[in-house]
Amino acid sequence: MNYIWKEWLEISRGKAFWFFLTLIVVTSFSIFLNAKDLPFEQGFEIFLLLLFEMDIYLIPLLCIFFASFSMIQEKELKTLVMMLAKSDSFGRFLWKKSVAIQFITIATFVVWYLILAIPVKFLFQFHPNHFLYFLVTVIILVLIFNQIGLFLGSVCNTKIQLIGANIFVLFFFLYLYDFILLYFLPKVTYENVKLFSVFYFLHPLHTLRFYLETSMNVFSLDYLSRTMEKFFSFPPLALLAVNISVWVILIFFVSVWLYRKGEQG
Amino acid sequence: MKKWVVGFVFFLGLFSGALSDVKAEQTLQQLIDETPANGTVYLENKTYIGDVVIRKPLKIKGARYTVIKGSGKGNVVTIQSPHVVLEGITITNSGKSRSTQEEFAAVKIYSNYNTLKNITITNSFHGIYLSKAHHNRIENVRVIGKGGGEIAGQGNGLHIYYSNFNRLTRNTIVGTRDGIFFDYSNKNIVEQNNVSHTRYGLHYMYSDYNEFYQNQFIFNTGGAAIMNSNHLILKNNKFLLNQGMRSFGVLLQMANNNQIINNEFYQNQRGLYIDQSTNNFIKGNMILQNQIGVELWASSQQQTFTNNRFSRNVTAVLSLGGEANNQWSFHGVGNHWGDQARLFDLNQDGRGESPFEYKSSLHKIIEKNELAYLFLNTPSIHIFEKINELLHEDKVMAMDPHPLVEHDEISMKFIVVWLILVGMGFLMILKLKRG
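Within an unreviewed UniProt entry, the label attached to chain B reads Nitrous oxidase accessory protein, and the organism entered is Thermolongibacillus altinsuensis.

Per an unreviewed UniProt entry, chain A goes by the name ABC-2 type transport system permease protein and belongs to Thermolongibacillus altinsuensis.

What follows is the structure in structure tokens.
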């Protein structure tokens, strides 16, 4: 708890966090203004989907930059060396740092979306379970991209290096990953579609969209072709679990391993 | 002996009491049979046991909590006489067997000039089934299906079979197989109905000259599937959020000479999906934020698109399977193409100075594999289109000789709200920095 408080004091003194918050508030409010004329009964789901459409661009960008710069700052200000010298291992340090960053950013998003839900409730028919699914989606999105940011911050040594790595990772998740899948698409048949499905859903943005749309009953999985049925055979919750395991847990241990390897080198 | 006689009489009394109870529960059919033709049956706030058959013109009026519960083995209410009015009743538990000769329904109508009003239907195979029944009115009927599950395991909300000149108004259908199903039925009017969570909200088979106004189809696998049906009018309807790999707002398949006018297609997988159909007239529709605005297969010829508004679709038009011969303007009026068309309107007459070619390269991947639809809502697809545009790998999907141009006016209110928000943001940062 102390570490979270210390991190909050550090973050709140800088401009980055307030820029981060202003961007979220302004963009989501502009979506609210655009969505206000939607029909009362279905407007809430459409609004949440529009908000998610914005979040898939905004959250990866903000979280990766925010988390990675917070990490590199510890290196540049030598606070990391000081903490490690006081018998703290890098694993323990990264754990505390991850918890603090995750807690602060997730709390920021959740609090803001709860505030935003108040005017939305007056405008549309409010479905608490759908709102909860949306919050879960946002929390996992933040969790994944924060952890990727922390990973990049721990493996890069300079800010220039980090900016390059951040841009590459964003490009990878937003475009490159899909281009690779599109390249292999003509070779996908009924026999190998399940393997293609694994790679498709290993992309957190695909899985989170699938989870959100199916839990809100917006995306129909009825009357699919045999190939499609095989493609969608994994349950959304299992896909979420896989994504968290790979992009949060595994990447945490890879960060520690690579840092130690770098130290030894 | 005396005791035995008393006991016997007492037992007989009990038995006859039980019998009279059974009799009381069977009185709905009796009530109907005993009421003279053109009379009214007022039902109480209780559950009546079906199944019943109405063989004479009369009015049956329910109270607030009147329920007619079927045996689960047949039609709950069968109307064989014309001029029957059924009003304010909940009807439940029709037969659901698929191994019988007929498909059962909560209400089955075999006659003409009947009115069904303010009826709720639950736990039934079909909701209302019109069989060779003409000139009927179905109003404010609410059919609640099972939702999901095996497609053949449930029937349709309203099933119209060989029935003409009927009027279906302000009905709500949720979670059935198809919302409203037309089979060999002509000249019906369908207006202000609301259909959601079904396979096809509306399903037309071999049905001509029907009219369809101000209906709303939301969260269905398909909004309206019009197959082998001609000369229909679809006007002022809304097709929203019909999302899924095979979903569409309206499907025209082997459907010719139909008019699709002033409808709204919003957030569907495909707004309009046209296959093996000719000579349809598509005018004044709003086609907004769909994955594919109009998907046109080459087997479809001579559609006319005029004064439609395409806006923020992933792809406005997708022509698949080769060249097709469709008209993108009518009497010199083309379509609005949104931000995708950068057109000059030098004389400010609301029309572009040059023809507009809408190009796309998505047909290349979609024709090869249906999984390509998965990528339509990803950020990468826009870059994919741009790359193919630069490499000249894209193809003309639509050629509009008279595109329409809209002169945007930025609202003052919008600017003020934005300025306030940005100002507040800066003030907050400044205050925190000082504090």
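1. Some remarks on the nonpolar core
Ranked by internal contacts, the top residues of the largest apolar core, which has 191 residues, are Y113 of chain A together with L86 of chain B. A per-element tally of this core places helix α3 (residues 43–76) of chain A first, with 19 residues. Lining this core are residues from two domains, each supplying at least three of them: domain 1 (27–220) and domain 2 (223–435) of chain B. Non-local contacts of L86 of chain B, meaning those with residues more than four positions away in its chain, are made with I54, I60, V77, I79, I91, V107, T115, L116, K117 and I119 of chain B. M205, M227, F248 and Y273 of chain B belong to the second-largest nonpolar core, a separate cluster that totals eight residues.

2. Section: unusual backbone geometry
Residues and elements named next belong to chain B. Even without being a glycine, Y209 presents a positive backbone phi close to 55°. Checked against the element boundaries, Y209 lands in the loop between β19 (200–205) and β20 (211–213). A relative accessible area of 44% means that Y209 is categorised as partly exposed. Even without glycine at this site, N228 takes up a positive phi of about 50°. Assignment of secondary structure puts N228 in the loop between β22 (222–227) and β23 (233–235). The partly exposed category is assigned to N228, whose relative accessible area is 22%.

3. Observations regarding the environment of N194 of chain B
All names here are of chain B. Among the secondary structure elements, N194 is positioned in strand β18 (residues 194–196). Residue N194 is classed as partly exposed on the basis of its relative accessible area of 28%. Put simply, N194 and I109 are 85 residues apart on the chain and 22 Å apart in space, counted from C-alpha to C-alpha. With residues near it in sequence (within four places) discarded, N194 still touches N171, T172, I173 and Q216.

4. Topic: the interface of chain A and chain B
In this assembly, 44 residues from chain A lie in contact with 39 residues from chain B. Carbon and sulfur atoms make up 75% of the area that chain A and chain B hide from each other, which totals about 3900 Å². Broken down residue by residue, the surface that chain A buries against chain B is led by L182, Y223 and M228 of chain A, which jointly contribute 17%. Counting the contacts that link chain A with chain B gives zero salt bridges. Where chain A meets chain B, there are six residue pairs in polar contact (both at pLDDT 80 or more).

5. As for helix α8 (residues 193–201) of chain A
Residue pairs three or four apart in sequence face the same way in an α-helix, which turns once every 3.6 residues. Among the residues of α8 of chain A, those classed as buried are V193, F196, S197, Y200 and F201 of chain A. Down the axis of α8 of chain A, the buried side of the element spans an arc of 120°, and every buried residue falls inside it.

6. Things to note about the domain arrangement of chain B
Residue and element names in this part refer to chain B. Domain boundaries in chain B define domain 1 (27–220) and domain 2 (223–435). Using C-alpha coordinates to define each centre, domain 1 is positioned 37 Å away from domain 2. On the side of domain 2, 23 residues touch domain 1, which itself brings 21 residues to the contact. When domain 1 packs against domain 2, the two sides together hide about 1900 Å² of surface, and 53% of this comes from carbon and sulfur. Linking domain 1 with domain 2 are zero salt bridges, by the criterion used here. Taken together, the links from domain 1 to domain 2 amount to 26 residue pairs in polar contact (both at pLDDT 80 or more).

7. A closer look at the packing of helix α7 (residues 159–184) of chain A against helix α9 (residues 204–215) of chain A
All names here are of chain A. For the pair α7 and α9, interaxial distance at closest approach is 10 Å and the crossing angle is 90°. Between α7 and α9, the angle is such that the two are roughly perpendicular. Contacts between α7 and α9 involve F173, L174, D178 and L181 on the former and, on the latter, P204, L205 and H206. By residue class, the composition of the contact of α7 with α9 is five nonpolar, one polar and one charged.

8. Here we look at α9 of chain A
Residue and element names in this part refer to chain A. Here α9 contains 12 residues, and its C-alpha end-to-end distance of 16 Å stays within 8% of the 16 Å for a straight helix at 1.5 Å per residue. Of the positions making up α9, those classed as buried are P204, L205, H206, T207, L208, R209, F210, Y211, L212, E213, T214 and S215. In the segment just after α9, N217 is the residue with positive phi, at about 60°.

9. Some thoughts on the pattern of salt bridges
Residue and element names in this part refer to chain B. What the rule picks out here adds up to 15 salt bridges over all chains. A salt bridge links K386 to E389, with the shortest nitrogen-to-oxygen separation between them at 3.5 Å. Taken together, the residues K386 and E389, both in helix α4 (residues 380–390) and three residues apart, mark about one turn of the helix.

10. A look at the UniProt feature "transmembrane region" (unreviewed entry) in chain A
With numbering matched to this structure, UniProt assigns "transmembrane region" (unreviewed entry) to residues 16–35, 47–72, 99–124, 131–151, 163–185 and 232–259 of chain A. Secondary structure content for residues 131–151 of chain A is 100% helix and 0% strand, while the C-alpha to C-alpha distance between its ends is 30 Å.

11. Here's the deal with the sheet that holds strand β3 (residues 52–54) of chain B
Residue and element names in this part refer to chain B. Read across the open sheet, the 12 strands follow the order β3-β6-β8-β10-β13-β16-β19-β22-β26-β29-β32-β35; overall the sheet is parallel. Two strands in the sheet have a free side with no partner beyond their single neighbour: β3 and β35 (315–320). Shown here is a sheet whose adjacent strand axes are inclined to one another by a mean of 10°, direction ignored. Two elements, strand β10 (residues 126–131) and strand β13 (residues 158–161), share four bridges in a ladder whose sense is parallel. By the bridge assignment, Y129 is partnered in β13 with H159.

12. A few points about the packing of aromatic side chains
Per the stated rule, a full pass over the model turns up 53 aromatic pairs over all chains. Aromatic pair F90 of chain A and F93 of chain A: ring centres 6.0 Å apart, planes at 40°, arrangement tilted. Here F90 of chain A pairs with F93 of chain A, and both are found in helix α5 (residues 90–123), just three residues apart, close to one helical turn. Per residue, the accessibility class of F90 of chain A equals that of F93 of chain A, and both read buried. Aromatic side chains F201 of chain A and F231 of chain A sit 5.4 Å apart centroid to centroid with 40° between the ring planes, which places their arrangement in the tilted category. On the criterion of sequence distance, the pair formed by F201 of chain A in helix α8 and F231 of chain A in helix α10 (residues 226–231) is long-range, its members being 30 residues apart. For the residue pair F201 of chain A and F231 of chain A, the accessibility class agrees, reading buried in each case. In this structure an aromatic cluster arises from ring pairing among F20, F44, F66, F109, Y113, F126, F131 and F134 of chain A. Lying across the ring of Y373 of chain B, R270 of chain B places its NZ or CZ 4.5 Å from the centre.

Quick notes on the rules
Residues numbered from 1 in each chain as written. Chains lettered and ligands numbered in written order. Predicted model: local features only at pLDDT ≥ 70, side-chain atom pairs only at ≥ 80, totals over all residues. Heavy atoms only, no water. Core = buried A, V, L, I, M, F, W, Y, C linked by side-chain atoms within 4.5 Å. Buried < 20%, exposed > 50% of the residue type's maximum accessible area, 1.4 Å probe, protein only. Helix = DSSP H or I, 4+ residues; strand = E, 2+ residues; numbered from the N terminus. Domains from an automatic or database assignment. Contact = heavy atoms within 4.5 Å. Buried area = accessible area lost by both parts, 1.4 Å probe. Salt bridge = Lys/Arg side-chain N within 4 Å of Asp/Glu carboxyl O. Polar contact = N/O pair within 3.5 Å; in protein donor to acceptor, adjacent residues only side chain to side chain. Arc of directions from axis to C-beta. Axes fitted to C-alpha atoms, helices over the stretch in contact; angles between N-to-C directions. Parallel < 35°, antiparallel > 145°, perpendicular 65-115°, else oblique. Nonpolar A, V, L, I, M, F, W, Y, C, P; charged D, E, K, R; others polar. Expected span 1.5 Å × (residues − 1). UniProt positions renumbered as here; feature names shortened; annotations may be inferred. Pairing = 2+ DSSP bridges. Phe/Tyr/Trp six-rings, centres within 6.5 Å; stacked < 30°, edge-to-face > 60°. Lys NZ or Arg CZ within 6 Å of the ring centre and 35° of its normal.

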